[in-house]
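Structural characterization, general
Here is how the chains run, residue by residue.
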Amino acid sequence: MSHKLAVLLHADVQGSTALVRTHEGTAHERIRDTFRRLARVAEKHRGQLREVRGDAVIIEFPRVSDAVTAAVAFQEENQAYNVTLSDDIRPALRIGIAMGEVVVADNTITGEGVILAQRLEQLVEPGGVCLQGAAFDTLPKRISIPFENRGEITLKGFEEPVRAYVVMPRGDAETGSGPLPRRESSGETPSIAVLPFRNLSADPDQEYFSDGIAEDIITALSKVSDLMVIARSSAFTYKDRSVDMRQVGREQGVRYVLEGSVRKSGDRIRVTAQLGDARSGQYLWAERYDRQLDDLFKVQDDLMREIVVALDVRLREGEQLRMWSSGTDSVEAWECVRLGAPIILGGVKEELGRAKQWVERAIELDPGYAMAWTMLGWYHQNFADVATGVVCDAVREEAMTRMLECASRAIELDPQCADAYSVLALYWMERREYDKALDNAMRSVEFAPGNAENLVEAGGVLTKCGRAPEALELVRKAIRLCPLYRAGFLRGLAMAYRFSGEVEKAAESYRQAVKRHPDLLSGQVNLASVLGELGRLGEARQVAAEVLRLAPAFSIRSYAGGLSYREPADLERVIAGLQAAGLPD
């Protein structure tokens with residue numbers, strides 16, 4: 001076993017699984033042939049094949065210049081070779097090159113240098129080469145390869161950001177490898193996914209801090225009408241995962257991806273961020289901010305300003321103020337809200353008391369913090385379970401009173417606080433004050449047109465107020481903004497379908513919602529009602545039996561008393577469907 005500093009080339013076959021599925025035998029042979037040809041080119045440049053690992057290969061070189069010239073020469077050769085093939089089984093490689101310490105033992109090579117080369121390789125699209133910044137600095141001036149500086153990039157497993165340089169071979173790399181699957185974003189509206197920022201702090205309990213920065217950026221960008229921002233619940237599915245930005249682009253249907261990291265130490269923070277084009281796989285810019293903790297909100301403002309400029313988004317009147325007003329100057333108050341908000345919005349009653357303490361502490365630290373008051377309003381809504389009224393009347397009434405007070409206070413402090421208007425919309429719906437509910441729901445959409453959760457809440461208000469076709473548009477937009485949406489989106493979609501006259505689609509959406517949460521009573525009840533309306537009595541009665549299993553004392557009269565439909569005919573449809581399903585009056 002020996003330790004040494006080495007120059008490593010790591011290459012893998014992009015989409016190897018898909019190639020094998022197309023024709024296993026041919027794909028395996030083509031991949032082996034690709035590696036043989038790469039090894040021959042590397043040998044001409046003094047490279048030594050160290051290891052083949054399935055669909056990846058590691059080659060060691062004595063100098064960076066040898067590795068770079070070999071990599072670029074092979075990529076151009078392979079592109080030309082693939083064009084001559086008559087089918088779509090065309091292995092294309094991504095290549096990363098790095099210098100680092102390695103351990104060589106028993107014909108295997110391991111160590112930081114190998115891992116770094118592998119991480120860099122994942123930053124480029126098929127046909128490309130990515131080079132570590134420190135390695136780039138050793139290249140002689142005579143090598144005139146046109147590398148593009150991607151800036152400092154945070155890589156999984158490495159505490160410090162790594163400067164990276166990328167080069168693509170002449171011509172279209174995708175021609176040689178076959179077209180990449182891609183789901184384009186709709187229209188010309190710029191679209192972006194903000195991935196969860198990595199916590200690089202020594203304390204893993206600081207995760208909420210890095211999450212909070214990403215969430216704030218999502219919230220701020222969702223206030224821009226000419227920008228489509230993927231919702232937090234979808235973007236955060238990539239948390240603790242190493243993913244290629246092009247994969248995110250395809251899965252979320254966006255053009256741009258923002259990723260970064262946060263390190264908090266004492267009264268200092270370091271925030272790094274890089275904005276990438278998910279189509280090309282190239283980074284548009286990368287920034288690092290080393291600041292005092294008190295400058296946190298200035299860092300966020302700077303980041304959002306960079307994004308708006310890079311995406312060439314025009315801010316409409318009032319949007320700049322909404323984007324760049326953080327709501328508090330107290331980082332500690334901001335932290336308290338970040339600790340309490342996930343619990344409150346998650347609605348887990350057993351933990352609500354702890355969340356209440358956090359948001360009340362935020363208000364104590366900064367009584368003028370509108371979002372803290374909004375979260376306290378959401379707390380009272382969740383605690384009383386206003387939607388279903390499962391607590392005693394006195395507790396419920398007190399919670400509703402506090403809900404109104406907190407949301408109203410938030411709007412006094414920030415007249416454009418979209419979330420506070422959403423709380424008020426729910427309050428006024430419960431009071432059967434339909435015009436007030438509609439006004440507040442539409443204000444929540446006006447001040448945050450890209451907030452998927454608020455769009456769904458507003459859709460529910462519109463549907464219950466007899467404006468289902470408009471609601472359908474809002475819920476569909478919410479689903480576009482949140483491709484990995486929760487079951488509540490499906491229920492909102494189903495209700496809008498039903499009262500827009502598309503009852504079959506409503507039944508299918510309720511079915512999907514019930515599959516996700518079979519023990520949620522409201523989903524089963526609505527599915528039974530829709531099936532009863534469609535005359536599918538056998539299936540409706542099966543669902544009704546499930547309703548009675550979940551709630552043996554269920555009665556139509558009691559359930560209908562908690563519904564807040566403005567149009568009597570809509571309520572009658574729901575009741576008639578439940579009766580047809582055989583549920584007790």
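That block above? That's the structure.
Residues numbered from 1 in each chain as written. Predicted model: local features only at pLDDT ≥ 70, side-chain atom pairs only at ≥ 80, totals over all residues. Heavy atoms only, no water.

Remark: helix 19 (residues 468–481) packs on helix 20 (residues 487–499), axes separated minimally by 8 Å, with the N-to-C direction vectors making an angle of 150 degrees. Taken together, the axes of helix 19 and helix 20 are roughly antiparallel relative to one another. In this structure, helix 19 crosses over helix 20, and the sense of that crossing is left-handed. Residues Ala468, Ala471, Leu472, Val475, Arg476, Ala478 and Ile479 of helix 19 pack against Phe489, Gly492, Leu493, Ala496, Tyr497 and Phe499 of helix 20. For the contact of helix 19 with helix 20, the residue count by class is eleven nonpolar, one polar and one charged. (Axes fitted to C-alpha atoms, helices over the stretch in contact; angles between N-to-C directions. Helix = DSSP H or I, 4+ residues; strand = E, 2+ residues; numbered from the N terminus. Parallel < 35°, antiparallel > 145°, perpendicular 65-115°, else oblique. Left-handed = near helix turned anticlockwise from the far one by under 90°. Contact = heavy atoms within 4.5 Å. Nonpolar A, V, L, I, M, F, W, Y, C, P; charged D, E, K, R; others polar.)

Okay, the pairing of strand 8 (residues 162–167) next. Of all the six residues making up strand 8, five are buried; the element is thus mostly covered by neighbouring parts of the structure. Note: strand 6 (residues 129–132) against strand 8, four bridges, orientation antiparallel. Looking at the pairing, Gln132 lines up with Ala164 of strand 8. Pairing of strand 7 (residues 148–153) with strand 8, which is carried by five bridges, proceeds in the antiparallel orientation. Paired with Asn149 across the bridge in strand 8 is Tyr165. (Buried < 20%, exposed > 50% of the residue type's maximum accessible area, 1.4 Å probe, protein only. Pairing = 2+ DSSP bridges.)

Looking at the secondary structure, you find Thr138 in the loop between helix 5 (133–136) and strand 7. Using a relative accessible area of 44% as the deciding quantity, one classes Thr138 as partly exposed. In the structure, Thr138 is positioned 75 residues away from Arg63 in sequence and 8.9 Å away in space, judged by C-alpha atoms. What Thr138 contacts, discounting residues up to four positions off in sequence, is Val64 and Met99. From its side chain, Thr138 meets the backbone oxygen of Ala135 in a polar contact 2.7 Å long. (Polar contact = N/O pair within 3.5 Å; in protein donor to acceptor, adjacent residues only side chain to side chain.)

Time to look at the packing of aromatic side chains. Describing an aromatic ring pair means giving the distance of the ring centres and the angle of the ring planes. Inspection of every chain in the model, using the stated rule, returns eight aromatic pairs. Look at Phe136 and Phe147: their rings are 5.9 Å apart centre to centre, the planes differ by 75 degrees, and that puts the pair in the edge-to-face class. Here the residue Phe136 occupies a position in helix 5, and Phe147 occupies one in the loop between helix 5 and strand 7, the gap between them amounting to eleven residues. A centroid spacing of 4.8 Å and a plane angle of 80 degrees characterise the contact between Tyr427 and Trp428, whose relative ring orientation is edge-to-face. For the residue pair Tyr427 and Trp428, the accessibility class agrees, reading buried in each case. Through a chain of ring-to-ring contacts, three or more aromatic side chains come together here, namely Phe136, Phe147 and Tyr165. A cation sits over an aromatic face here: Arg232 above Phe236, 4.1 Å from the ring centre. Residue placement shows Lys436 over the ring face of Trp428; its charged tip is 4.3 Å from the ring centre. (Phe/Tyr/Trp six-rings, centres within 6.5 Å; stacked < 30°, edge-to-face > 60°. Lys NZ or Arg CZ within 6 Å of the ring centre and 35° of its normal.)

This brings us to the nonpolar core. Counting residues in hydrophobic clusters, the biggest one holds 131 residues, and the most contacted among them are Phe197, Phe209, Ile217 and Leu258. Ranked by the residues each element gives to this core, the list is headed by helix 16 (residues 418–430), at nine residues. If near-sequence neighbours (up to four positions away) are discounted, Phe209 is found in contact with Val262, Lys264, Ile269, Leu293, Leu296, Val331, Trp334 and Glu335. Membership of the second largest hydrophobic core comes to 32 residues, among which are Phe35, Ala70, Val129 and Leu139. (Core = buried A, V, L, I, M, F, W, Y, C linked by side-chain atoms within 4.5 Å.)

Moving on to the side chain of His10. The residue His10 is located in strand 1 (residues 2–13) in this model. A relative accessible area of 4% means that His10 is categorised as buried. One polar contact links His10 to Glu121, side chain to side chain, over a distance of 2.9 Å. Once residues lying within four places of it in the same chain are set aside, the contact partners of His10 are Ala56, Val57, Ile58, Arg94, Ile95, Gly96, Val114, Ala117, Gln118 and Glu121.

Attention shifts here to the pattern of salt bridges. In this structure the tally under the stated criterion is 44 salt bridges. One salt bridge in this structure joins Arg498 and Glu533, with 2.9 Å as the shortest N-O distance. Of the two residues, Arg498 sits in helix 20 while Glu533 sits in helix 22 (residues 521–534), which places them 35 residues apart along the sequence. The exposure class of Arg498 is buried, given its relative accessible area of 0%. As a salt-bridge pair, Asp519 and Arg549 come within 3.3 Å of each other at their nearest N and O atoms. (Salt bridge = Lys/Arg side-chain N within 4 Å of Asp/Glu carboxyl O.)

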